[in-house]
Amino acid sequence: MRDQQCAGDPVLAASCSRRQALNRFAGWGSVAGLSALLPACGGGSEDLATEAPAQAAATEAAQNLAVAEYAEALPETQTLHTGLNQPWGLAFLPDRRMLVTEKVGRLRLLSPDGSRMSTVSGVPTARLQTTGHGGLLDVQAESVGGDIWVYLSYAERGSGGEYNRAGTAVARARLVGTALRDFTVIFRSSFKYPVKVSRFHYGSRLLLAPNNKLFISVGEGRADSLRDQAQALGSHLGKILRVNRNGSVPTDNPFVGRAGAKPEIWSLGHRNPQGLALHPATGEIWSTEHGPQGGDELNIIQRGHNYGWPRISYGCEYGTPPATCTVVGGQTSAPGLDQPVTQWGRVRIAPSGIVFCDGSMFPEWKNHLFIACLGGKELWRVVLDGRRVVSRTRMLDNMGRRFRHVRQAPDGSLLILTDEDNGRILRIAR
Ligand SMILES: [Ca+2]
C-alpha cells in the first residue's frame, strides 16, 4: 500500500492544468513552450481556505503564494539501474559504490556505474514490518579507521506478545565484503503502535552530522488516536531525534534531564518527516515532512523547537473539500510554534528525500535544495536566499514516476530513486 497522499489528486491535476510557466536555465539548451513566468501549481486564490483567519491568510500568502513557481524541462535522464523493489535509501561508499535499501528488506550493493549488483547479507528480517509505510528504510555509510560503518532505519515489530505492534528502529553494522558484521540496534522507538491501528508514518530518514552525531526522523503514526504524540515529550513519535553514532544520548540535547521527556528528542511537532539534509554552507538541518491533505512543509530544524503538528497545519483532513476545508488544528500559526520555511498549500506534493546540490557539475544549482516527491511525481528545485525561498521549480514531472529520494553522487551528478516495484536509479548529469 502506498502513501495516501499519492492517490490520484484532482486538485493537483486542476492546478497543474493552469501551469504555464516554463523557464530556461544555462546549460540545458532550449525548453519547449517558454512563456511568461507566471505563478503556477500551488498558487491561486481558489486554493485558500475561505474561513481562514486574516492573519493566517496573510501568513499563507507570505509563506506560500509569494514564492514564484516554475516548471523546468530537462533532457532525458539516464537510468543507472532497474529492477529494485521500492528502493528507499542510497548511500555512497568511499570507492563510489552504492548501498541501496529495498523496502521489502534487502540491502543491495551496486558498482559505481550501476551495472553490477550484489545483495548484502546480515540484515535481520524476522521482525521487519514491511506493510504500509514499513520496511527497510534509509541507509547511511561512513568510513572510520578503515572500517565501513552502515546505518539502517526500519520498521520493526515487537518481540513475543508485542509482535502485532511496530515502531521505528535504527541499527548499525560494519560492512565486510558483502556482509554486515556486528549488527547492533542503537535506537528503538519507545512506543510501538498496533499494526491494525496504523502501518504508516515510521519516518525515517537518517543524517550523519558532524561531531559524531546521528539525526533520526520519526513520524507520528498517522492515526487520529496517535497524532497527539507528536506534541508529547514522553514519546519518540513525531520527532526528529539526535543521538551519538553508538546510540547514546548527547548531554547537550534540549530535553536531557527534564522529567518524563525522551532525551533523544531534538525537535517536536512533526507529522511524517522523510527528508533530512545539512545545508552545505550554514550547517543547518533542513527537513521536509508530509502534511495531511495538503500542507507539505519544508522546515529548518532548530534545537528544542516545536513545529506545530497537529496544533497548527496548512493541510486538511483527508476527504474534506480542498477548497473550503478547515486546516487541522483550526489554525496555521500559534505562539511558540515554528512556521515552515515554505509550504505547498492545498497542493499535495508528498515530499520524501532531499539534498542540497553543492558539487562542481552544476555550479548554477549551488546550494539549491532538491526534493523528491511521491504523490506529486516530480522533483522540486528550491532556490534559497539564506533562509528565504526565492523560487520553486518543478522538474521531471513528465515521467509519471514517484520519486523516493535524491542524492548527490561524488561526481556531482544527482541520483534519484523511483518508488516502484520495478524501481530505478535515475541519473541527472552533463
Ligand atoms: Ca509544521
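Parameters at a glance
- Residues numbered from 1 in each chain as written.
- Predicted model: local features only at pLDDT ≥ 70, side-chain atom pairs only at ≥ 80, totals over all residues.
- Helix = DSSP H or I, 4+ residues; strand = E, 2+ residues; numbered from the N terminus.
- Buried ≥ 20, exposed ≤ 12 C-beta atoms within 10 Å, placed from the backbone.
- Contact = placed C-beta atoms within 7 Å.
- Pairing = 2+ DSSP bridges.
- Axes fitted to C-alpha atoms, helices over the stretch in contact; angles between N-to-C directions.
- Core = buried A, V, L, I, M, F, W, Y, C linked by C-beta atoms within 7 Å.
- pLDDT = per-residue confidence, 0-100.

Engineer: Just give me the short version of the overall build of the protein, but keep the residues and values in it.
Structural biologist: From N to C terminus, the protein includes 2 helices and 26 strands. Burial analysis of the protein (430 residues in total) assigns 48% to the buried set. The contacts in the protein between residues at least 6 apart in sequence include a share of 60% that link residues at least 24 apart.

Engineer: Summarise unusual backbone geometry; cite the residues concerned and give the values.
Structural biologist: At the junction of Gly203 and Ser204, the peptide bond is cis and its omega measures out at -5° in the coordinates. Considering the arrangement of structural elements, one finds Ser204 in the loop between strand 11 (193-194) and strand 12 (206-209). Following Trp309, the chain continues to Pro310 via a peptide bond in cis, the omega torsion being 0°. With respect to the helices, strands and loops of the structure, Pro310 is situated in the loop between strand 18 (297-301) and strand 19 (342-343).

Engineer: So what's going on with the pairing of strand 25 (residues 414-418)? Residues and values would help.
Structural biologist: Of all 5 residues making up strand 25, 5 are buried, and the element is well covered by its neighbours. Both faces of strand 25 are covered, namely the face carrying Leu414, Ile416 and Thr418 and the face carrying Leu415 and Leu417. The pairing of strand 24 (residues 403-408) with strand 25 spans 5 bridges and is classified as antiparallel. If you follow Phe403 over to strand 25, its bridge partner there is Thr418.

Engineer: So what's going on with the sheet that holds strand 20 (residues 351-356)? Residues and values would help.
Structural biologist: The strand order across the open sheet formed by 5 strands is 1-23-22-21-20, and the pairing between neighbours is mixed. Because the sheet does not close on itself, it has two edges, and the strands there are strand 1 (68-72) and strand 20. Across this sheet, the average inter-strand angle for adjacent strands is 25°, counted without regard to direction. The sheet contact formed by strand 20 and strand 21 (residues 369-373) spans 4 bridges and is antiparallel. Residue pairing for strand 21: Pro351 is matched across the bridge by Cys373.

Engineer: I'd like a rundown of the nonpolar core, residues and numbers included.
Structural biologist: Formed by 86 residues in total, the largest nonpolar core has its most connected members in Phe370 and Leu379. By residue number, the principal contributor to this core is strand 9 (residues 165-176), which donates 6 residues. In this structure, Phe370 is in contact with Ile354, Val355, Cys357, Leu379, Trp380, Arg381, Val406 and Leu414, ignoring residues within four places of it in sequence. In terms of nonpolar packing, the next biggest core, distinct from the first, is built from 5 residues, Tyr314, Cys325, Val327 and Val328 among them.

Engineer: Go over the pairing of strand 9 with me, naming the residues and quoting the values.
Structural biologist: For strand 9, the buried fraction is high: 9 of the 12 residues fall into the buried class. By the bridge criterion, 10 bridges tie strand 8 (residues 147-157) to strand 9 in an arrangement that is antiparallel. Of the residues in strand 9, the one forming a bridge with Val150 is Ala173. Taken together, the 7 bridges between strand 9 and strand 10 (residues 179-188) define a ladder with antiparallel strand orientation. Bridge pairing in strand 10 places Arg172 opposite Thr184. Joining the antiparallel neighbours strand 9 and strand 10 is a turn of 2 residues, in which Gly177 adopts a positive phi near 65°.

Engineer: Hey, could you go over the confidence of the model for the protein for me, with residue numbers and the actual values?
Structural biologist: Taken over all residues, the pLDDT of the protein has a mean of 86, while the share at 70 or more is 84%. Every residue in residues 1-58 scores below 50 in pLDDT, and together they form 104 contacts with partners more than four places removed in sequence or on other chains.

Engineer: Tell me about the sheet that holds strand 19, residues and numbers included.
Structural biologist: Strand order in the open sheet formed by 4 strands is 16-17-18-19, and the pairing between neighbours is antiparallel. Every other strand in the sheet has two partners, leaving strand 16 (272-278) and strand 19 as the edge strands with one partner each. Relative to strand 17 (residues 285-290), strand 16 runs antiparallel, the two being bridged by 6 bridges. Counted as the bridge partner of Leu276 is Ser287 from strand 17.

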